[in-house]
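# Secondary and tertiary structure notes
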Amino acid sequence: MLWVLFLLVAWGAAAISCVRLCLAAARLAPPRGTSSQEVPGAADGPELTLYETAFLAGGPHRVADLALVTMHLRRRLLLAHTGWATVVDPDGRDEVERTVIRAIGPQGQSPIPPVRSAAAAADAVRALADRLVSAGLALPGGAGTDIVSAVRAVRGAALLVTAMGTAALLTPGREQGPGGSGVPVLVWFGLPLVLTLGCLAIARMEVHPYSAWASPAGLRLLNARTASAGGPEGDVLVAVAVRGVGAVADPALRAALGGRGGAARIL
């Protein structure tokens, strides 16, 4: 009866992984009665704001990167290729910029990574996230990661079912089902395999449009975001918001934001 143990393992893995995927997908449903009109910035015009775009495209750290690049391009902050940030203008234009300045500290200089982390965890960014989640444009915290992990678990379960079925077929004298019913062992393993593959197919159609941060409604607005925001500088900021710091053409600025510079203090 060794093959029965293989069958129990296959069914257990299939059932647990599929239930996990269903629960993760249920978390992605937008709140009832919400729409993009509830989001400040999204409601007042046809486009998302740059901060909203950055969050939906890359989460809190993308918002922090956007603020750093914006302040650097507008000469309110100097980002050196050595990985240090220096305050040029201590008056931030919004709460995220003011958080960046506070994170740099009273000396006016700081390594960029802790500044980015502090800005990403700022109350202003959390408030932005809460507004987007409430409007159904962004996913609740961790939901995007949960769904990716759940899909991987179902894929793993499908592979495990296949392995267990193969092992059962290789067990001597077990080509038929229990009690000589005439049902091949392969059919018993085919049922959990169909379950897992069916869940993956449904997830591909229903869950795949979700990103790590944006809901399908958020993705529609994100895709509709224009590629221009009033000139070359606006082009750069939109590119950073959508694609991250890799979209920056200046290699020194990319090095600064990538933290590959040295640790020498700027004098």
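Residues numbered from 1 in each chain as written. Predicted model: local features only at pLDDT ≥ 70, side-chain atom pairs only at ≥ 80, totals over all residues. Heavy atoms only, no water.

## Observations regarding unusual backbone geometry
With glycine set apart, most residues show a phi of negative sign, and most peptide bonds adopt trans. Within the chain, Arg-75 stands out as a residue other than glycine whose phi angle is a positive 60°. With respect to the helices and strands, Arg-75 occurs in the loop between helix 3 (60-73) and strand 1 (77-79). We classify Arg-75 as exposed; its relative accessible area is 61%. (Helix = DSSP H or I, 4+ residues; strand = E, 2+ residues; numbered from the N terminus. Buried < 20%, exposed > 50% of the residue type's maximum accessible area, 1.4 Å probe, protein only.)

## A few points about helix 3
Its 14 residues give helix 3 an end-to-end C-alpha distance of 20 Å, which sits within 8% of 20 Å, the value for a rise of 1.5 Å per residue. The buried fraction of helix 3 is high, at twelve of 14 residues. When we look at burial in helix 3, the residues that qualify are Pro-60, Arg-62, Val-63, Ala-64, Asp-65, Leu-66, Ala-67, Leu-68, Val-69, Thr-70, Met-71 and His-72. Of the residues trailing helix 3, Arg-75 is marked for its positive phi of about 60°. (Expected span 1.5 Å × (residues − 1).)

## Thoughts on the packing of helix 1 (residues 2-27) against helix 8 (residues 185-206)
Where helix 1 contacts helix 8, the axes come no closer than 10 Å and their chain directions differ by 15°. As the angle between them shows, helix 1 and helix 8 are arranged roughly parallel. Relative to helix 8, the crossing made by helix 1 is left-handed. When helix 1 is examined against helix 8, the residues Trp-3, Phe-6, Leu-7, Ala-10, Trp-11, Ala-14, Cys-18 and Leu-21 are found in contact with a partner set consisting of Val-185, Trp-188, Phe-189, Leu-191, Pro-192, Leu-195, Thr-196, Cys-199 and Ala-203. Across the contact of helix 1 with helix 8, the residue classes break down as 16 nonpolar, one polar and no charged. (Axes fitted to C-alpha atoms, helices over the stretch in contact; angles between N-to-C directions. Parallel < 35°, antiparallel > 145°, perpendicular 65-115°, else oblique. Left-handed = near helix turned anticlockwise from the far one by under 90°. Contact = heavy atoms within 4.5 Å. Nonpolar A, V, L, I, M, F, W, Y, C, P; charged D, E, K, R; others polar.)

## Comments concerning the environment of Phe-55
With respect to the helices, strands and loops of the structure, Phe-55 is situated in helix 2 (residues 50-58). Taking relative accessible area as the criterion, Phe-55 reaches 4% and is therefore assigned buried. Between the alpha carbons of Phe-55 and Leu-128 there is a distance of 8.3 Å; along the sequence they are 73 residues apart. If we ignore the near neighbours within four places in the chain, the residues touching Phe-55 are Pro-60, Val-63, Leu-128, Ala-129, Leu-132, Ala-138 and Trp-213.

## Some remarks on the pattern of salt bridges
As enumerated under the stated definition, the model contains six salt bridges in all. The salt bridge partner of Glu-97 is Arg-76, with a shortest N-O separation of 2.7 Å. Placement of the pair is Glu-97 in helix 4 (residues 95-104) and Arg-76 in the loop between helix 3 and strand 1, with a sequence separation of 21 residues. For Glu-95, the salt bridge identified is with Arg-102, shortest N-O distance 2.8 Å. Residue Glu-95 is classed as partly exposed on the basis of its relative accessible area, which comes to 35%. Note on Arg-102: relative accessible area 53%, which makes it exposed. Look at the salt bridges and you will find they share partners, linking Glu-95, Arg-98 and Arg-102 into a network. (Salt bridge = Lys/Arg side-chain N within 4 Å of Asp/Glu carboxyl O.)

By themselves, these observations are geometric and do not establish any function.
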